[in-house]
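Take a look at the letters that make up each chain.
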Amino acid sequence: MEIVIPDDVLVSIKLPKGEIERELKLELALILYSRGALSLGKASKLAGVTKREFLEELARRKIPRHYTERELEEDLDFARG
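Residues numbered from 1 in each chain as written. Predicted model: local features only at pLDDT ≥ 70, side-chain atom pairs only at ≥ 80, totals over all residues. Heavy atoms only, no water.

A. Expanded view of the overall build of the protein. Per the secondary structure count, the protein includes five helices and zero strands. When the helices and strands of the protein are listed from N to C terminus, the series reads α-α-α-α-α. Rg of the C-alpha trace for the protein: 16 Å, well past the compact-globule value of 12 Å for 81 residues, more than 25% over. Looking at the protein residue by residue over its 81 residues, the buried ones come to 17%. Taken as a whole, the protein presents about 6,700 Å² of accessible surface, with 57% of it coming from carbon and sulfur. Placing the 15 positive and 16 negative side-chain charges of the protein at their respective mean positions leaves the two points 1 Å apart. (Helix = DSSP H or I, 4+ residues; strand = E, 2+ residues; numbered from the N terminus. Rg over C-alpha atoms; globule rule 2.2 N^0.38 Å. Buried < 20%, exposed > 50% of the residue type's maximum accessible area, 1.4 Å probe, protein only. Areas by Shrake-Rupley, 256 points an atom, 1.4 Å probe, with all protein chains shown as cover. Lys, Arg positive; Asp, Glu negative; His and termini not counted. Charge placed at Lys NZ, Arg CZ, Asp CG, Glu CD.)

Next comes the structure, spelled out in structure tokens:
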């Protein structure tokens, strides 16, 4: 899939040219995650960052983490060894 952004919009984005694609992917991932449309893993993959980095960005922006019962069980299983 490809998203086309009009040139006049790209020129209007107040970011260094080399950072635009990375920032747009991060913003899209954050929005889709916050709406429940993407899981943490898929959102961090879209953003091109690790899960830890994505969690840090969620915290910086005060976006609540979606924590399912399944994730809790996985964390508990991991902690038990």
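B. Structural view of the environment of Leu 28. With respect to the element layout, Leu 28 can be found in helix H2 (residues 20–34). Taking C-alpha positions, Leu 28 is 7.7 Å from Ala 47, a pair spaced 19 residues apart along the chain. If we ignore the near neighbours within four places in the chain, the residues touching Leu 28 are Ile 3 and Leu 46. (Contact = heavy atoms within 4.5 Å.)

C. Spotlight on the side chain of Glu 57. Counting through the fold element by element, Glu 57 comes out in helix H4 (residues 51–60). Only 2.7 Å separates the side chain of Glu 57 from the side chain of Arg 60, close enough to count as a polar contact. Dropping the residues within four chain positions of it, Glu 57 is found in contact with Leu 26 and Leu 30. (Polar contact = N/O pair within 3.5 Å; in protein donor to acceptor, adjacent residues only side chain to side chain.)

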